[in-house]
Amino acid sequence: MRIKNKMENKTKICVLCGGEFIGWGNNPQPLKEEGECCEICNARKVLPERIKQLRERLSKKEEEEVVIVKKPKKSLGEAVKEVSGNLNEMGENISKGLKKAFG
Ligand SMILES: [Zn+2]
C-alpha cells in the first residue's frame, strides 16, 4: 500500500507548462507525443484541442456525406411513405369534412 501511494504521489513535470504535479499524468496528445501533462493543461489545452480536431474531422466527413447524399433525391420507400402519409391526412380531412357536412 505504502509503495503504491508513494508511486502515485511522485512529482512529475508537465510537458506542456513545465509545472510540477502529483498523481496521475494525462496523455498530452495531440499537443505532445511524449511525456505527461497536468490536470490543468489537460483540461485547458489538450481536451479543447482534441475536440477541435474531432470537429474538423466530423465537418469534413459531413461535407463528404452531403456530396454523396445530394445525388439520389429520395429512396422509393421514403417517397411511398410520404405519399401515403399525405393520402392518410387527406382521407382524415375528407371524413372530417363529410362528418361536418352531413354529421
Ligand atoms: Zn501543465
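Not measured: the values here are computed from a predicted model. (Residues numbered from 1 in each chain as written. Predicted model: local features only at pLDDT ≥ 70, side-chain atom pairs only at ≥ 80, totals over all residues.)

Undergrad: Explain the overall build of the protein chain residue by residue, including any values.
TA: Within the protein chain one finds three helices and two strands. Along the protein chain, helices and strands appear, N-terminal first, in the series α-β-β-α-α. Within the protein chain, the fraction of its 103 residues that count as buried is 8%. Of all intrachain contacts in the protein chain linking residues separated by at least 6 positions in sequence, the fraction that spans at least 24 positions is 13%. (Helix = DSSP H or I, 4+ residues; strand = E, 2+ residues; numbered from the N terminus. Buried ≥ 20, exposed ≤ 12 C-beta atoms within 10 Å, placed from the backbone. Contact = placed C-beta atoms within 7 Å.)

Undergrad: Describe the nonpolar core, and please don't skip the residues or the numbers.
TA: Judged by nonpolar contacts, C14, C37, C38, C41 and V46 together constitute the single largest core of five residues. Look past the residues within four positions of V46 in its chain and what remains in contact with it is N26, P28, L31, C37 and C41. (Core = buried A, V, L, I, M, F, W, Y, C linked by C-beta atoms within 7 Å.)

Undergrad: Run through helix α3 (residues 76–102), naming residues and quoting values.
TA: Taking 1.5 Å as the rise per residue, α3 with 27 residues should run 39 Å; its terminal C-alpha atoms sit 38 Å apart, in good agreement. The buried fraction of α3 is low, at zero of 27 residues. (Expected span 1.5 Å × (residues − 1).)

Undergrad: So what about unusual backbone geometry? Which residues, and what values?
TA: In this chain, Q29 is followed by P30 through a cis amide linkage whose omega measures 10 degrees. Inspection of the secondary structure assignment puts P30 in the loop between β2 (20–22) and α2 (39–70).

Undergrad: Give me the lowdown on the confidence of the model for the protein chain, citing residues and values where you can.
TA: Mean pLDDT over the protein chain: 84, with 86% of residues reaching 70 or higher. Model confidence for the protein chain, summarised as mean pLDDT per element, is weakest for helix α1 (residues 2–8) at 53 and strongest for strand β1 (residues 11–13) at 94. (pLDDT = per-residue confidence, 0-100.)

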